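One letter stands for each residue in the lines below.
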Amino acid sequence: MNAGTRHYLTVTAAYWGFTLSDGALRMLVLLHFYQLGYSPFTLAFLFLLYEAMGVVANLVGGWLATRYGIARMLVVGLATQITGFLLLSALSPDWTAVMSVAWVVLAQGVCGVAKDLTKTASKSAIKLTAGNAQGQLFKWVAFFTGSKNAMKGVGFFLGGILLQTVGFKAALWLMAALLAGVLVGVLGFVPRLMGKSKASKSARELFAKNRGINLLAAARVALFGARDVWFVVGVPVFLYSAGWTFTMVGGFLALWTIGYGAVQALAPALVRRSVDGLSTEVPAARLWSGLLAVVPAVLAALVIGDVPHLEWIVVAGLGVFGFAFAVNSSVHSYLVLAYAGSEKAAEDVGFYYAANAMGRFFGTLMSGLLYQWGGLAWSLAGSAAMLATCWAVTLVLPVQRSLDPTPFPQGR
């Protein structure tokens, strides 16, 4: 096994551990506070700072990973997540509702910083270890993205189980201990200067991305907003209201996310490859975006029509949505690295995932508002509108890579 492959597997394993705890955290917070009687909008509000901090963390994290190296950013991200867990575990049932919400939002904000620092560093490591071989790059991006989402699904299930068996506080302590072990592994096995390069010297230079990355970032905002606008609050609350237990809801979301991750990992087999890495991949992004936009539009019509066995139709529709969304997400994740041809790939990836976080923030906010205003039908209609926007943006994505005279370094 060569050094590049070994480093790729090490970073991927570290991110698996992080994602497992992050998925469990989402279920812990969502189910625990819904059980306490919080409204759909308040539940969404608990995650807003988590998503908002991701915008800043991705931009800053990309710059820091370029300046100080990927390994250091992984360590900072893991340590920050542990801090967030410990803050959440300090929550007291004796506090007022306002103080409790404020504390959870703050702790979630810390975890949001941790998530996106870790993700930006990990995704940047793939570009370094895969080099310029486009076939290798697509396969490694797809496996990384798919496997980490499968781990998030396992985390959803783990969160539900831990909440029922050991309780909210003990679950957070156990997850903090898990991440401490992952942190030790990163310190021991990831090269300290991996990815270190010359960072941008000004904000103007930091934001001066090529056209492909700018357009892809805009599409990403709409794509992830379209997922979270009905997935974050709408689906769990709808299924629970239909008579499902917390374990059933958590188990279903876990299975959905694992399946979603498996499809992402298989995306290279579903998308025809090109020699230049763009001429067939960009049209694939357009095709799958268009197909995806149809799914929530049809589901919204069925919900409005109040058809029989609605909950199972929603479950089936979510399966179709997850398949098409997984392919879309995997192709987008590949394209950002294909467009990022400069030595500042970590900054490019950070900028792109800042857009990803902006989409999650907007989707989370609208998930609570639309569900509270008009139920699942409104959430689905909002998803369809965002996906139509995503498809429109992909129509103008460039199919040729911009020329960059600076070769990408293979890492140190």
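One can find the structure itself at the top, above this paragraph.
Definitions and cut-offs
- Once a new chain begins, its residue numbering starts again from 1 and follows that chain's sequence as written.
- This being a predicted model, a pLDDT of at least 70 is required before a residue's local features are given, and a value of 80 or more before pairs of side-chain atoms are given or counted; all residues contribute to the totals for chains, interfaces and linings.
- Where side-chain values are given, they derive from all heavy atoms of the structure, hydrogens and water being excluded.
- Segments assigned H or I by DSSP are reported as helices when at least four residues long, segments assigned E as strands when at least two residues long, and all are numbered from the N terminus.
- Only protein chains enter the calculation, and the probe is 1.4 Å; a residue is then buried if its accessible area is under 20% of its type maximum, exposed if over 50%, and partly exposed in between.
- Contact between two residues is taken to exist if any of their heavy atoms lie within 4.5 Å; hydrogens are not considered.
- Angles shown run from 0 to 180 degrees and are taken between the N-to-C directions of axes, each axis being a line fitted to C-alpha atoms and, for helices, limited to the stretch in contact.
- By the definition adopted for this analysis, an angle is roughly parallel if under 35 degrees, roughly antiparallel if over 145, roughly perpendicular if from 65 to 115, and oblique otherwise.
- Two helices cross in a left-handed way if the nearer one is turned anticlockwise from the farther one by less than a right angle. They cross in a right-handed way if the turn is clockwise.
- Under the convention adopted here, Pro, Cys and the residues Ala, Val, Leu, Ile, Met, Phe, Trp and Tyr are nonpolar, Asp, Glu, Lys and Arg are charged, and Gly plus all remaining residues are polar.
- Within this analysis, patches are made of residues with over 30% relative accessible area and no salt bridge. Like charges are joined at 9 Å or less; nonpolar side chains (Val, Leu, Ile, Met, Phe, Trp, Tyr) at 5 Å or less.
- To measure how exposed things are, a 1.4 Å probe is used in the Shrake-Rupley method; for residues, cover is taken only from the protein chains shown.
- A pair is scored as a salt bridge if a Lys or Arg side-chain nitrogen falls within 4 Å of a carboxyl oxygen belonging to Asp or Glu.

S.K.: Can you walk me through the side chain of K115 in this structure?
M.R.: With respect to the secondary-structure elements, K115 resides in helix α5 (residues 97–130). Overall, the relative accessible area of 7% leaves K115 in the buried class. Residues within four places of K115 in sequence aside, it is in contact with Y15, F18, D22, Y50, K152 and R360.

S.K.: Looking at this model, I keep getting lost on the packing of helix α10 (residues 234–241) against helix α13 (residues 310–339). Mind explaining?
M.R.: The description of two helices packed together rests on the angle between their axes and the distance between the axes. At their nearest, the axes of α10 and α13 sit 10 Å apart, and the two run at 150° to each other. When the interaxial angle is binned, α10 and α13 end up roughly antiparallel. At the point where α10 passes α13, the crossing takes the left-handed sense. In this structure, α10 contributes V235, F238 and L239 to the contact, and α13 contributes L310, E311, V314, V315 and L318. Taken together, the residues that form the contact of α10 with α13 break down as seven nonpolar, no polar and one charged.

S.K.: Teacher, can you tell me more about a nonpolar patch on the surface here?
M.R.: A grouping of V154, L255 and I258 is seen on the molecular surface, where their side chains present a nonpolar patch of about 250 Å² in accessible area. Residue L255 is classed as exposed on the basis of its relative accessible area of 63%.

S.K.: Just to check I follow, could you spell out unusual backbone geometry for this structure?
M.R.: If a residue is not glycine, its phi is most likely negative; likewise, a peptide bond is most likely trans. If you check the backbone angles, D306 has positive phi at about 50° while not being a glycine. Secondary-structure assignment places D306 in the loop between α12 (281–304) and α13. Its identity as a non-glycine residue notwithstanding, H309 has a phi of 55°, on the positive side. Within the secondary structure, H309 is located in the loop between α12 and α13.

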